[in-house]
Amino acid sequence: MPSLNPRQAEAVEHTGGPLLVIAGAGSGKTRVITRKIAHLIRAHGVPAHAIVALTFTNKAAREMKARVGTLLKGGSGRGLKVSTFHTFGLNLLRREVEGAGLRLGFSLFDAEDAATVLKEHLREHALADAVTPAAALARISRWKNDLMEPARAASTADDDFEAMLADLYGRYQQSLTAYNACDFDDLIARPVRLLRDDRDARERWQNRIRHLLVDEYQDTNGAQYELVRLLVGPRGAFTVVGDDDQSIYAWRGARPDNLARLRDHYPTLRVVMLEQNYRSSARILKLANGLIGHNPHLFDKRLWCDLGPGEPARVLVCRDEAHEAERVAAEIQHTHLTKDRPYGSIAILYRSNHQARPFEQALRALSVPYFLSGGTSFFARAEVKDVMAYLRLLANPADDAAFLRVVNVPRREIGPTTLQRLAAFAAEGELPLAAACADPLLGEHLPKRQLGRLAELAGLLAEQRSQAQAAANPVAAVRALVERIDYAGWCRDNAPSRAAAERRMDNVADLLDWLERLHREAAADAAKDAGSAAGTRLSDLVARLTLLDVLERQDEAEGGDRVHLMTLHAAKGLEFPHVYLVGMEEALLPHRSSLEEAEDAAARPETVADTDTGADTGADTGAGQTGIQEERRLCYVGITRARQSLTFTRARRRRRYGETVTCEPSRFLAELPAAELHQPDSTQRSDAEARAHGSAQLAALKGLFTDR
Ligand SMILES: Nc1ncnc2c1ncn2[C@@H]1O[C@H](COP(=O)(O)OP(=O)(O)OP(=O)(O)O)[C@@H](O)[C@H]1O
Ligand SMILES: [Mg+2]
């Protein structure tokens, strides 16, 4: 098997039973997955549609599909299912709608929709001061990720507060059922429940899937663990690959000990460790190993490489965030112009989205093209949410969250009192709000004028809905609706400027075009996959759209030679020749929240003693350290993205909430082996600035030639 080392080949060829590949960053875990898929199809004749590969981001799924595509020439990979866990769950629910306790055309609620539902319940029970919707949602999410139903959550609650949240959880689930909606966590929890309780469904799926592969397995949560187990069944034909040192989703319920649990559940589990790193130079690897050595480990791993020592890593100390950004931007431009370093080979990685802004400004000022993953989501924009809400209502008339969003967009003069009466009436009759609007009995509760407005809205929705259902292309009906409500006019009247109004309409146009494209794709899929009852219903399109996060969308616009800007979370699994890991300061990385957790723990006398236990191993195992450990893993993920060069930066001061604060260097810098780090002394600051100046001149010169 070419270009696989013996261990990798062993992992690829072991196709009969359960297999775990546990290995450090850059050791070829993802390569094992793609090669194995190709091997199963080519050498074992497994049909592509009987293989399921699961990842955590849309980008990773798409890349994997593309890689397998190049390995398998000539269409034998068609029908292969590579997707995120959530997309897989959605597809399963669409095929098993009734068994899963849903009705056709169910809605997918995002975090904001879910918060709207919770807010209603909090208000109704006068709990708005007790807990925020976001905090309640986080707790509910953890219960769901641990597969705890509301009743069990209530019976295991330790105190009144937990009991109150468990009660809220129950009400929230009832609302979702009434709205015929799922939230993101349900996309995993519902399939698990279905497969657990319904033997026929379970056998159907187990027969359908001949081999299941999971990348980044360390980030699976309890529900995802169960889902994998139920899908593979007793045969256990699966391959999972992971690295406990790269587990960075504990805050979302990820359980790296899922790696260890596998051994208990599958006694025949084969474990393969990979130790050769093919990605990074020796110095980068030493830094990575040095840092992660401060964490306790589930598995002991050694990583080596034969790529040579490489360049020393640097730490640039900057005055403030603007200086940090300018220095990095200037250096990027300089190396691009003088060393022909492609912009696309460079990544700027940071802990939190808000850190991106100064870098965007600085790069723009130097006309360096860049590409930002994440940031304000396309789907968080008001105009996109408005049109999406209309879409959702057309797809699912019971979607009350969508109804409330658009009832006065454009303005219909339907006031809060009217809405409250409508809601009370709807609740009494157990009707969705949109249906209540058209109910003949509503007239007893509302004055004529208000009634007329509501009826008009209901009529509009019903009419467009039947058009959407009748049309071969439901997107045309959506376009017609946007025209009919004169959404463009509403934008003009409500945007702060004409330019802003145009931008909003551009986004709406983008959304519609995109929907059109998805519709075509879905139609093609349905034609190929005759077993799917999915078709191209509007609700499918809406659900697909909701699942695509901003990364996906922006990836489409990617292309061209651009610097990558992204968070450490988004960078997982990726690699870049040159990496800038910026904002290496306490409170940024490690993130403030993890520091607070550590402080809280230290303040509790009974746990203080525990902090000593890690001392002899050098590992950070003390109380309150789990957050810090996760931050350390994030830093490890960042370092191990780099192939050739790695540059850390930090600022001495930074503006935070409107005031300038002094910043401490990140503790992680001190944990790195000093011999591998080069810290140019601060007089070089002016150096970088001089370079920036020189670069600007060079750029101007280059421009002179290329413009002609
Ligand atoms: N046997 C090999 N020969 C040559 N190159 C390899 C080999 N195995 C992996 N690589 C290369 O090493 C790099 C890292 O591989 P890959 O991304 O699969 O690692 P990984 O273990 O999944 O990393 P991460 O933990 O960051 O996800 C890739 O560029 C890949 O093409
Ligand atoms: Mg990988």
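Analysis parameters
- Just so you know, the residues in each chain are numbered from 1, in the order the chain's sequence is written.
- Chain letters start at A and ligand numbers start at 1, both assigned in the order the entries are written.
- Local features are withheld for residues below a pLDDT of 70 in this predicted model, meaning they are given only at 70 or higher, and side-chain atom pairs are given and counted only at 80 or more; totals for whole chains, interfaces and linings count all residues.
- In computing side-chain values, all of the structure's heavy atoms are included and hydrogens and water are not.
- UniProt positions are given in the numbering used here, feature names are shortened, and annotations may be inferred rather than shown by experiment.
- In this description a helix means any DSSP run of H or I spanning at least four residues, a strand means any run of E spanning at least two, and both kinds are numbered starting from the N terminus.
- Each residue is assigned to one of three classes by its accessible area relative to the maximum for its type, calculated with a 1.4 Å probe on protein chains only: buried under 20%, partly exposed between the two thresholds, exposed over 50%.
- Contacts: residue pairs with any heavy atoms within 4.5 Å of one another.
- Per-residue and other accessible areas follow the Shrake-Rupley method at a 1.4 Å probe size, with only the shown protein chains counted as cover for residues.
- Any residue with a heavy atom positioned within 4 Å of a molecule or strand is treated as near that molecule or strand.
- Polar contacts, as counted here, are pairs of nitrogen or oxygen atoms within 3.5 Å of one another; within protein the pair requires one atom able to donate a hydrogen and one able to accept it, and residues that are adjacent in sequence qualify only if both atoms are side-chain atoms.
- When residues are grouped by polarity, Ala, Val, Leu, Ile, Met, Phe, Trp, Tyr, Cys and Pro land in nonpolar, Asp, Glu, Lys and Arg in charged, and all others, Gly among them, in polar.
- The directions considered for the arc run from the helix axis to the C-beta atoms.
- Only when DSSP finds a minimum of two bridges between them are two strands counted as paired.
- Comment: axis = line fitted to C-alpha atoms, over the contacting stretch for helices; angle = value between 0 and 180 degrees taken between N-to-C directions.
- A helix is expected to span 1.5 Å multiplied by its residue count minus one.
- When the centres of two rings from Phe, Tyr and Trp lie within 6.5 Å, Trp using its six-membered ring, the rings pair. Their planes under 30 degrees apart give stacked, over 60 give edge-to-face, and anything left gives tilted.

If you check an unreviewed UniProt entry, the protein chain appears there as ATP-dependent DNA helicase Rep from Thiohalocapsa halophila. Looking at the Function (unreviewed entry) heading of the UniProt record, one finds this comment for the protein chain: "Rep helicase is a single-stranded DNA-dependent ATPase involved in DNA replication; it can initiate unwinding at a nick in the DNA. It binds to the single-stranded DNA and acts in a progressive fashion along the DNA in the 3' to 5' direction." Quoted verbatim from the Sequence similarities (unreviewed entry) heading of the UniProt record, the comment on the protein chain is "Belongs to the helicase family. UvrD subfamily."

Tell me about the overall build of the protein chain, and name the residues and values.
Along the protein chain, the regular secondary structure elements total 31 helices and 17 strands. Taking all 708 residues of the protein chain together, 54% fall into the buried category. Considering only contacts within the protein chain whose residues lie at least 6 apart along the sequence, 79% involve residues at least 24 apart. For the protein chain, the accessible surface area stands at approximately 31,300 Å², while carbon and sulfur atoms represent 50% of it.

Explain unusual backbone geometry residue by residue, including any values.
With the exception of glycine, the majority of residues adopt a negative phi angle, and the majority of peptide bonds are in the trans configuration. Of note, the amide linkage connecting Val 409 to Pro 410 takes the cis form, showing an omega dihedral of -5°. Tracing the chain through its elements places Pro 410 in the loop between α17 (400–406) and α18 (416–429). Phi is positive for Ser 367, which is not a glycine, with a value near 55°. On the basis of relative accessible area, Ser 367 is assigned to the exposed category, the value being 60%.

Give a description of the side chain of Glu 516 that names residues and reports values.
With respect to the element layout, Glu 516 can be found in helix α23 (residues 498–528). Among residues more than four places away in sequence, those in contact with Glu 516 are Asn 473, Val 475 and Arg 479.

Pulling in residues and values, what's your account of the site of ligand 1?
Around ligand 1, 19 residues are found, and the nearest of them are Lys 29, Thr 30, Arg 279, Glu 575 and Arg 641. Contacts to ligand 1 include Gly 26, whose backbone N or O atom sits 2.9 Å from an oxygen atom. For ligand 1, whose accessible area on its own is 630 Å², the fraction buried by protein is 85%. A total of three residues in the shell around ligand 1 trace back to one element, the largest contributor, which is helix α2 (residues 29–44). Residues that form the shell around ligand 1 fall into these classes: three nonpolar, 10 polar and six charged.

Lay out helix α10 (residues 199–208) with the relevant residues and their values.
When we look at burial in α10, the residues that qualify are Ala 201, Trp 205 and Gln 206. Each buried residue of α10 sits inside an arc of 130° when the element is viewed along its axis, so together they form one side. Opposite the buried face of α10, by more than 90 degrees, sit the exposed residues Arg 199, Asp 200 and Asn 207. For α10, the secondary structure elements touched by its buried residues are α4 (85–95), α9 (186–197) and α11 (222–232).

Talk me through the sheet that holds strand β12 (residues 563–567); I want residue IDs and the actual numbers.
As summarised here, the arrangement of the seven strands in space is β11-β12-β10-β13-β14-β9-β17, forming an open sheet in which the pairing is parallel. The strands lining the two open edges of the sheet, one partner per strand, are β11 (370–372) and β17 (677–678). Contacting β9 (313–318), β14 (642–651) and β17, helix α13 (residues 282–292) runs over the sheet at an angle of about 55° to β14. Against the sheet, helix α14 (residues 321–339) engages β9, β10 (346–350), β12, β13 (576–581) and β14, with an angle of about 140° to β9.

Give a detailed account of helix α8 (residues 160–178), specifying residues and quantitative values.
Taking 1.5 Å of rise per residue, 19 residues should cover 27 Å, and α8 covers 27 Å from first to last C-alpha, within 8% of that figure. When we look at burial in α8, the residues that qualify are Glu 162, Met 164, Leu 165, Ala 166, Leu 168, Tyr 169, Gly 170, Tyr 172, Gln 173, Ser 175 and Leu 176. Among the structural elements, β4 (107–109), α5 (111–124), α6 (133–145), α7 (150–155), β5 (181–183) and α9 are those in contact with the buried residues of α8. The opening residue of α8, the one whose side-chain oxygen lies 3.3 Å from the backbone nitrogen of Phe 161, is Asp 159. Just downstream of α8 lies Asn 180, where phi reads positive at about 55°.

Describe the packing of aromatic side chains, and please don't skip the residues or the numbers.
Scanning the entire structure with this criterion turns up five aromatic pairs. For the ring pair Phe 88 and Trp 205, a centre distance of 5.9 Å and an interplane angle of 75° mean the geometry is edge-to-face. Placement of Phe 88 in helix α4 and of Trp 205 in helix α10 is noted, with a sequence separation of 117 residues between them. Residues Phe 88 and Trp 205 agree in their burial class; the two are buried. Centre to centre, the rings of Trp 143 and Tyr 169 are 5.6 Å apart; their planes meet at 5°, and the pair counts as stacked. Here Trp 143, found in helix α6, pairs with Tyr 169, found in helix α8; they are 26 residues apart in sequence, far enough to count as distant.

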